[in-house]
Amino acid sequence: MIRENSARTIVFVSLFAALTVIGTMIKIPMPTGAFAHLGNAVLLLAVLLLGYTKGSLAGGLGFMIFDILNGYAAEAPYFLLESFVVGAFAYGGFLLYKKNPTHVWQLIVIGSLTGVGKLLMTQLKNTVRFIFLGNDLPTAFAAATIKLPASLINVVTTIVIVALLYFPLKRILKR
């Protein structure tokens, strides 16, 4: 994690928020209408490198900014909340290795736990959305499940990117 210094902290939270916006703009459209993107990888890296609160805040702000700039303003508050929930799954995995993963397989475990949080939040959000659109719970749950492939692709992409970038970024930030 980065050393404590308020100016440095603000710069890194802002940097990771900006990188989350950029990562989310790199979209891979899915047949379900959703899209896969690289923003979740930035969120996970932010949590691992900045800590739970700062990393989740950076990711959440980045997702909110993306949403506001791209016509999804109504969803912006949800994604701030989701960043903290998914960040908690990530940080829980990080704590398994005493905040010091030393092997790529450990990052895969952390990324997988993070992915579980992301998939749960996505399923919950989409189920609630379909219920508000007038579906009963079983129908809403089934319809929400159809939208999960994009999130699953996000999870796998996130794990690969974090496994490749975490150790080099950690060394750079220790300077």
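For the structure itself, look to the data block above.
Residues numbered from 1 in each chain as written. Predicted model: local features only at pLDDT ≥ 70, side-chain atom pairs only at ≥ 80, totals over all residues. Heavy atoms only, no water.

Peer 1: Would you mind going over the overall build of the protein chain with me for this structure?
Peer 2: Of the regular secondary structure elements, the protein chain holds seven helices and two strands. N-terminal to C-terminal, the α/β element order of the protein chain is α-β-β-α-α-α-α-α-α. Taking the principal axes of the C-alpha coordinates as reference, the protein chain spans close to 55 × 35 × 25 Å. If you take every contact in the protein chain between residues at least 6 apart in sequence, the share linking residues at least 24 apart comes to 66%. For the protein chain, the computed accessible surface area is about 8,800 Å², with 75% contributed by carbon and sulfur atoms. Between the averaged position of the 14 positive side-chain charges in the protein chain and that of its 5 negative side-chain charges there is a distance of 17 Å. (Helix = DSSP H or I, 4+ residues; strand = E, 2+ residues; numbered from the N terminus. Contact = heavy atoms within 4.5 Å. Areas by Shrake-Rupley, 256 points an atom, 1.4 Å probe, with all protein chains shown as cover. Lys, Arg positive; Asp, Glu negative; His and termini not counted. Charge placed at Lys NZ, Arg CZ, Asp CG, Glu CD.)

Peer 1: It is not clear to me how the nonpolar core should be interpreted in this structure. Could you clarify?
Peer 2: Most often, soluble globular proteins keep nonpolar side chains buried together rather than apart. Ranked by internal contacts, the top residues of the largest apolar core, which has 30 residues, are Phe16, Leu48, Leu50, Val162 and Tyr166. When residues of this core are traced back to their parent elements, those giving at least two are α1 (6–25), α2 (39–50), α3 (52–69), α4 (76–96), α5 (104–132) and α7 (148–173). Considering each element in turn, this core owes the most residues, ten residues, to α2. (Core = buried A, V, L, I, M, F, W, Y, C linked by side-chain atoms within 4.5 Å. Buried < 20%, exposed > 50% of the residue type's maximum accessible area, 1.4 Å probe, protein only.)

Peer 1: It is not clear to me how α1 should be interpreted in this structure. Could you clarify?
Peer 2: End to end, α1 covers 29 Å across 20 residues, agreeing with the expected 28 Å (1.5 Å per residue, within 8%). Buried within α1 we find Thr9, Phe12, Val13, Phe16, Ala17, Thr20, Val21, Gly23 and Thr24. Residues of α1 that are buried make contact with β1 (27–29), β2 (35–37), α2, α3 and α7. (Expected span 1.5 Å × (residues − 1).)

Peer 1: I keep staring at unusual backbone geometry and nothing clicks. Help me out?
Peer 2: Working note: non-glycine residues mostly have negative phi, and peptide bonds are mostly trans. Its identity as a non-glycine residue notwithstanding, Lys98 has a phi of 55 degrees, on the positive side. Examined against the element boundaries, Lys98 turns out to sit in the loop between α4 and α5. Of note in the backbone geometry, Lys99 takes a positive phi value of approximately 60 degrees without being a glycine. Structurally, the position occupied by Lys99 is in the loop between α4 and α5. Judged by relative accessible area, Lys99 falls into the partly exposed class, the value being 36%.

Peer 1: Where do I start with the side chain of Ser83 in this structure?
Peer 2: Along the chain, Ser83 falls in helix α4. Relative accessible area serves as the criterion here: at 1%, Ser83 is assigned to the buried category. Among the polar contacts listed, one links the side chain of Ser83 to the backbone nitrogen of Gly60, at a separation of 3.3 Å. Look past the residues within four positions of Ser83 in its chain and what remains in contact with it is Leu43, Ser56, Gly59, Gly60 and Phe63. (Polar contact = N/O pair within 3.5 Å; in protein donor to acceptor, adjacent residues only side chain to side chain.)

Peer 1: Sorry if this is basic, but what is going on with the pattern of salt bridges here?
Peer 2: It is possible for side chains of opposite charge to pair when their charged atoms get near one another. What the rule picks out here adds up to three salt bridges. In this structure, the salt-bridge partner of Lys125 is Glu75, at a minimum N-O distance of 3.9 Å. Placement of Lys125 in helix α5 and of Glu75 in the loop between α3 and α4 is noted, with a sequence separation of 50 residues between them. By relative accessible area, which is 19% here, Lys125 ends up buried. Its salt-bridge partner being Arg129, residue Glu75 comes within 2.7 Å of it at the nearest N-O pair. With Glu75 in the loop between α3 and α4 and Arg129 in helix α5, this pair connects stretches of sequence that are 54 residues apart. Residue class for Glu75 comes out partly exposed when judged on its relative accessible area of 24%. The exposure class assigned to Arg129 is partly exposed, which follows from its relative accessible area of 29%. In this structure, a network of salt bridges that share partners links the residues Glu75, Lys125 and Arg129. (Salt bridge = Lys/Arg side-chain N within 4 Å of Asp/Glu carboxyl O.)

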